[in-house]
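# An overview of the molecular structure
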Amino acid sequence: MSVERAVEQLKPQFLGSILMPSDEGYEAARKVYNGMIDKRPAAIARCVDVADVIAAVRAARDQDLLVAIRGGGHNAGGLGSCDDGLVIDLSRMRGVRVNPSARTVQVEGGCTGRDVDHATHAFGMATPTGTVSSTGIAGLTLGGGIGHLSRPFGLTIDNLLAVDMVLADGSFVTASAETNPDLYWAVRGGGGNFGVVTSFLFRLHPVATVNAGPTFWPLDQAPEVIKAYREFIAEAPEDVSGFLAFMTVPPVPLFPENLHHQKVCAVIWCSTAAPEKSERVTRPMRSVGKPLLDHVGPMPFLALQSLFDPLLPPGLQMYWRADFHKELSDASIPVHQKYAERIPQGLSLMHLYPINGAVHRVGRADTAFTYRDCLVAGVIVGIDPDPKNKEAITMWTKEYFDALHPYSAGGAYVNFMMEEGQERVRAPFGENYNRLAAIKKKYDPTNFFRVNQNIRPA
Ligand SMILES: Cc1cc2nc3c(=O)[nH]c(=O)nc-3n(C[C@H](O)[C@H](O)[C@H](O)COP(=O)(O)OP(=O)(O)OC[C@H]3O[C@@H](n4cnc5c(N)ncnc54)[C@H](O)[C@@H]3O)c2cc1C
């Protein structure tokens, strides 16, 4: 294995830039979004086109280098980078092309949510992605993709029509319902295990203005709010959505000063229904108990998608744990209450994202994303700007997760996981795991792409 030889081989064929530890720009380029991750790759190949990706894969394979694929660099465990190996970095491949008559959008592998929303919003359309617009579309999509539009239009993968990929042998393929259907099945939830996706084709939906915003309640009303929410979200029309959260109100002008630093239970709403219907359907839930704040109204979908971005700049310390939940049982409510009260000051949070509605209309075996029958995808994230508080946020997250796990469905959404061991990797895929392992064996028999939630070749 020689990085120098790989770089030597790569340079004459490479249009982008290659950064090594002695190069200016390396320190900035090696950083990923999570400030807790500190990986030092031997080289970073910043690709500008598919030819660069092919050349990088071939050079790494010929020199037997460890490879990580980087899209948006948001992965909690830092799986968009590696120590010592080669990072194939797609962050300069950000082209987006909307086809308004076909209602599709073609998205290059290094795009963020913001790139896609910006392009599609101009046409009054959107495809379902995540809730923070700096997140990479590639990693988000390959793991499933949960967000404000999941209930009306499904997961991101439910709107994925095709991918272009570079495989471990350096060949270039398309995967869709018609071409390489096994690969198309696997990339819809199986993560970056099967190759480097250079382009995604998504279906679009007419979404321009949504009725959105937060309702906050004091923490002592959390049990009442959770009980009302679980009934509400199980029955609500699919075009009305909202995720449940525990958080500390950040001291920003967006929120009234008297609420700053207060721990709250919240629902963050997003409805694509007509304003009168949104108001009628959400009013009973928003009237539960005595809300501290109820700030819901029409806003451009583009604005909602980047609403939380200023609170979550890159470089924060983040520790993640997650699980799917089929129900929000009575027994789990005191656990939520206890750890919400202990939420560390700052940005730490717990979110429960609804994944019913359109998500449930796709079968467990129709894509690699198995947990279709759950009500919510839960995530607990300890967040703090100061590395000195790393232990405290990690401890809170772990203890909350351990206490809640017995009430969960058993596995977590892969995109909300850190590096947690092979058993945790198998759990999200359930009965789909063996089929994924067989497809991995067909397309990547040597496990060349292994810096991910790794599915071992059968
Ligand atoms: C602040 C924040 C908010 C988030 N909100 C949401 C949300 O609302 N909904 C949601 O579903 N998830 C959300 N996530 C989780 C997110 O989906 C994952 O972190 C995801 O891995 C990010 O993708 P990325 O491309 O930015 O990651 P990277 O770190 O670049 O890569 C992550 C993984 O994807 C693989 N990968 C990346 N690009 C490619 C490619 N082009 N081809 C093949 N494999 C590739 C990598 O190998 C790696 O294993 C959020 C994360 C953060 C930090």
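Our subject is the structure listed above.
In what follows, the accompanying structure is described. Nothing here was measured: the structure is a model prediction, and the numbers come from that model.

### Quick notes on the site of the ligand
The local shell around the ligand holds 33 residues, among which G71, G73, T131, I146 and Y413 are the closest. The separation between an oxygen atom of the ligand and a polar main-chain atom of G72 is 2.9 Å. One of the backbone N or O atoms of G136 is found 2.9 Å from an oxygen atom in the ligand. Summarising the interface, the protein chains cover 97% of the accessible area of the ligand, which totals 940 Å² for the free molecule. Elements that contribute at least two residues to the shell around the ligand include exactly β3 (67-70), α5 (137-143) and β10 (196-203). The leading source of residues in the shell around the ligand is α5, at 4 residues. Of the residues that constitute the shell around the ligand, the class distribution is 15 nonpolar, 17 polar and 1 charged.

### Points about the nonpolar core
Of all hydrophobic cores here, the largest spans 44 residues; its most connected members are F216, L312, M318, W320, F324, I355 and F416. With 5 residues, the top contributor of residues to this core is strand β17 (residues 317-325). Among residues more than four places away in sequence, those in contact with M318 are Y33, N34, M36, L312, V381, G382, I383 and M418. The next biggest cluster of nonpolar side chains, apart from the first, holds 36 residues, and it includes V107, W185, V187 and V425.

### Considerations on the sheet that holds strand β8 (residues 160-166)
The pairing of strands in a sheet happens through backbone hydrogen bonds and is either parallel or antiparallel. Taken together, 5 strands build an open sheet; the order of strands is β5-β6-β10-β8-β9 and the sheet is antiparallel. The open sheet has two edge strands with one neighbour each: β5 (96-99) and β9 (172-176). Taking each pair of neighbouring strands and ignoring which way they run, the sheet shows an average axis angle of 15°. Pairing of β8 with β9, which is carried by 5 bridges, proceeds in the antiparallel orientation.

### A closer look at the packing of helix α1 (residues 3-10) against helix α3 (residues 50-62)
For the pair α1 and α3, the least separation of the axes is 9 Å and the interaxial angle reads 145°. You can see that α1 and α3 cross each other, and the crossing is right-handed. Side by side, α1 and α3 meet where A6, Q9 and L10 of the first sit next to A55, A56, R58, A59 and D62 of the second. The residue inventory of the contact of α1 with α3, partitioned by class, reads 5 nonpolar, 1 polar and 2 charged.

### Thoughts on the layout of surface pockets
Of the volumes computed, that of the second largest pocket is approximately 470 Å³. Lining the second largest pocket are 27 residues; nearest its centre among them are K31, V32, Y33, R70 and P314. A breakdown of the residues in the lining of the second largest pocket according to their chemical character gives 7 nonpolar, 12 polar and 8 charged.

### Observations concerning the side chain of K440
With respect to the helices and strands, the residue K440 is situated in helix α14 (residues 433-443). A polar contact of 2.7 Å, which involves the side chain of K440, links it to the backbone oxygen of N193.

### Concerning the packing of helix α8 (residues 222-235) against helix α9 (residues 275-286)
For the pair α8 and α9, the least separation of the axes is 10 Å and the interaxial angle reads 155°. The pairing of α8 with α9 is recorded here as roughly antiparallel in orientation. Judged by residue contacts, V225, A228, Y229 and F232 of α8 engage V281, T282 and M285 from α9. For the contact of α8 with α9, the class distribution of residues is 6 nonpolar, 1 polar and no charged.

### Let's talk about the pattern of salt bridges
Applying the stated criterion across every chain yields a total of 26 salt bridges. Two residues, D89 and R46, come together in a salt bridge whose shortest N-O distance is 3.2 Å. Of the two residues, D89 sits in strand β4 (residues 86-89) while R46 sits in strand β2 (residues 43-46), which places them 43 residues apart along the sequence. Look at D89 and you get buried, because its relative accessible area is 0%. Given a relative accessible area of 22%, R46 falls into the partly exposed group.

### Topic: the packing of aromatic side chains
Applying the stated criterion across every chain yields a total of 15 aromatic pairs. Ring centres of Y339 and Y400 lie 5.2 Å apart, and the angle between their planes is 15°; on these two criteria the pair is classed as stacked. Note that Y339 is positioned in helix α11 (residues 333-341) and Y400 in helix α12 (residues 390-404), a separation of 61 residues in sequence. Of the two residues, Y339 and Y400, both sit in the buried class. Ring plane angle 40° and centroid distance 5.8 Å describe the contact between Y353 and F416, whose orientation is recorded as tilted. On the criterion of sequence distance, the pair formed by Y353 in strand β18 (residues 349-354) and F416 in the loop between α12 and α13 (422-426) is long-range, its members being 63 residues apart. Under the relative-accessibility criterion, Y353 is labelled buried at 8%. Assessed through its relative accessible area of 11%, F416 is described here as buried. Among the aromatic residues, ring-to-ring pairing joins F243, W320, F324, Y353, F369, Y371, Y413 and F416 into one connected group.

Calculation rules
- Residues numbered from 1 in each chain as written.
- Predicted model: local features only at pLDDT ≥ 70, side-chain atom pairs only at ≥ 80, totals over all residues.
- Heavy atoms only, no water.
- Near = heavy atom within 4 Å.
- Polar contact = N/O pair within 3.5 Å; in protein donor to acceptor, adjacent residues only side chain to side chain.
- Areas by Shrake-Rupley, 256 points an atom, 1.4 Å probe, with all protein chains shown as cover.
- Helix = DSSP H or I, 4+ residues; strand = E, 2+ residues; numbered from the N terminus.
- Nonpolar A, V, L, I, M, F, W, Y, C, P; charged D, E, K, R; others polar.
- Core = buried A, V, L, I, M, F, W, Y, C linked by side-chain atoms within 4.5 Å.
- Buried < 20%, exposed > 50% of the residue type's maximum accessible area, 1.4 Å probe, protein only.
- Contact = heavy atoms within 4.5 Å.
- Pairing = 2+ DSSP bridges.
- Axes fitted to C-alpha atoms, helices over the stretch in contact; angles between N-to-C directions.
- Left-handed = near helix turned anticlockwise from the far one by under 90°.
- 1 Å grid on protein atoms, 1.4 Å probe; cavity = no way out; pocket = protein on both sides within 12 Å on 5 of 7 lines; lining within 4 Å.
- Points joined across faces, edges and corners; volume = space filled by probe spheres on them.
- Parallel < 35°, antiparallel > 145°, perpendicular 65-115°, else oblique.
- Salt bridge = Lys/Arg side-chain N within 4 Å of Asp/Glu carboxyl O.
- Phe/Tyr/Trp six-rings, centres within 6.5 Å; stacked < 30°, edge-to-face > 60°.

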